[in-house]
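Structure at a glance
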Amino acid sequence: MQIPFGDFKRQYIELQRELDDAMQRVVQSGAYILGPSVKAFEADFAAYCETPYCIGVGNGTDAIQLGLIALGVRSGDEVITVANSGVPGTAAIIAVGAVPVFVDVDPHTRNMNPALLEQAITPRTKAIMPVHLYGLMADMPAIMAIAQRHSIPVIEDVAQAQGARLAGARAGSIGAVAAFSFYPSKNLGAIGDGGALTTHDSGIDAELRKLRVYGWERKYYSTVASGINSRLDELQAAILSVKLRHLEASTARRVQIAAYYNTQLADSGLLLPQTPAGYAAVYHLYVVQTPMRDAYMAALKEAGVTTDIHYPLPTHHQPIYTQYAPSWGLPVTEKQAQEVFSLPNFPELSDAEVEYVATATRQARLSVKGK
Ligand SMILES: *Cc1c(COP(=O)(O)O)cnc(C)c1O
């Protein structure tokens, strides 16, 4: 059996009638830019995230960049974040002229370690950006307490955690502003690029609505200087509204697959994902850890199971970003980059495919041991 790591087309086929109808309505309406579909999706997604405001933008990286600008982050300011989440957040920090300051992650949750946060704060720190990695929220109560003590705003990177909860609160409803991506692989994914921000603050909402259209307050009249063009597309918004109606069900399927792996792989020799009490994870990725990673991945490839590494090279080890390697070192981030890999977990996997992945992973252990 060949198991893909993901398959965007399967979700389209499952929802084809609804999606085709939604797309046709946009095409026939003639309203293509910031029209009724974006407005409707923003209202739906704000309600889903349990925040008063949602602003649709072009993609997740733009969402982070615009969120930072709306928080007042400017050239030379510092933004504290993590180095284990791929590079988009760091690229956005650098795009606004700011400096990324990396803190290490917790070995169990793989998210920003709040115990290491305070040492990284300086008078130039203008924002703190935790990433809710793999679908598990960062320790927001601890991060918010430190941020509030220092009067530093928090921007949540929710690209991988649409719908996750911590102590009842939705991802994206806690910080001053939150950034989402609707890249097709995300838990809520478009058929192309898309992004959004959520906030409780009407001032930040108003600012973001200008920033995404060149800085225009109203047509042809600019009142902010750092505006760009980053609008959520009407077609993508219509598609996202359809998919949002199915998000709870598709999340439940990801959680079900993860729970199955957790029981089936208990003796697989792998460190399995851990969800602390009070957290509802949405398993954007099912990430396991072992010093024998390469051998496991090779055995799984042999069995036809596609795996991936999220992420192989931490941000501060990217050749263009080595100047941002912090003096305090990031040992947990570095160890995980060498040891983690991800098993296929997407809602459209069949039960037979999921069983096959689990069996192949258990068998991989035997072949790894024999080496
Ligand atoms: C996908 C992702 C982004 C970037 O989103 P794009 O829509 O591709 O720009 C940012 N942060 C994290 C953690 C992501 O997974």
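Fair warning: this is a prediction, and the values are worked out from it, not measured in the lab. (Residues numbered from 1 in each chain as written. Predicted model: local features only at pLDDT ≥ 70, side-chain atom pairs only at ≥ 80, totals over all residues. Heavy atoms only, no water.)

**Re the domain arrangement of the chain**
Interface size is commonly expressed as the accessible area that is lost once the parts come together. Partitioning the chain into domains gives domain 1 (8-103 + 110-245) and domain 2 (247-369). When each unit is reduced to the centre of its C-alpha atoms, the spacing between domain 1 and domain 2 is 25 Å. At the junction of the two partners, domain 1 supplies 42 residues and domain 2 supplies 40 residues. Across the domain 1/domain 2 interface, buried area totals approximately 3,300 Å², and carbon plus sulfur atoms make up 55% of it. It is Arg 110, Tyr 134 and Asn 187 that lose the most area in domain 1 upon contact with domain 2, and together they represent 23% of the buried surface on that side. On the surface where domain 1 and domain 2 come into contact, there are two salt bridges. Here Arg 10 ties to Glu 353 by a salt bridge, and the two come within 2.9 Å at their closest N and O atoms. (Domains from an automatic or database assignment. Contact = heavy atoms within 4.5 Å. Buried area = accessible area lost by both parts, 1.4 Å probe. Salt bridge = Lys/Arg side-chain N within 4 Å of Asp/Glu carboxyl O.)

**So, the pairing of strand E2 (residues 78-81)**
Burial along E2 is two-sided: the face carrying Glu 78 and Ile 80 and the face carrying Val 79 and Thr 81 are both buried. By the bridge criterion, four bridges tie E2 to strand E3 (residues 99-102) in an arrangement that is parallel. Across the sheet, the residue bridging to Val 79 is Pro 100, located in E3. Assessed by its sense of winding, the connection that carries the chain from E2 through helix H5 (residues 88-95) to E3 is right-handed. In terms of strand pairing, E2 meets strand E4 (residues 125-128) through three bridges, oriented parallel. Counted as the bridge partner of Glu 78 is Thr 125 from E4. (Buried < 20%, exposed > 50% of the residue type's maximum accessible area, 1.4 Å probe, protein only. Helix = DSSP H or I, 4+ residues; strand = E, 2+ residues; numbered from the N terminus. Pairing = 2+ DSSP bridges. Right-handed = clockwise from strand over helix to strand, strands pointing away.)

**Section: the sheet that holds E2**
Pairing within the open sheet is parallel, and its three strands lie in the order E3-E2-E4. Each having just a single partner strand, E3 and E4 make up the two edges of the open sheet. Between one strand axis and the next, the sheet turns through 30 degrees on average, direction left out of account. (Axes fitted to C-alpha atoms, helices over the stretch in contact; angles between N-to-C directions.)

**Focus: the sheet that holds strand E7 (residues 169-170)**
The pairing of strands in a sheet happens through backbone hydrogen bonds and is either parallel or antiparallel. Sheet architecture is open: three strands sit in the order E7-E6-E12, paired in antiparallel fashion. The open sheet is flanked by E7 and strand E12 (279-280), the only strands paired with a single partner. As defined by bridge partners, strand E6 (residues 165-166) adjoins E12 across two bridges and the pair is classed as antiparallel. Bridge pairing in E12 links Arg 165 to Ala 280.

**Structural notes on the environment of Ala 358**
Note on placement: Ala 358 falls in helix H12 (residues 351-369). Overall, the relative accessible area of 0% leaves Ala 358 in the buried class. Separated by 90 residues in the primary sequence, Ala 358 and Ser 268 have C-alpha atoms spaced 9.3 Å apart. Ignoring any residue separated from it by four or fewer positions in sequence, one finds Ala 358 in contact with Tyr 260, Tyr 261, Gln 264 and Leu 265.

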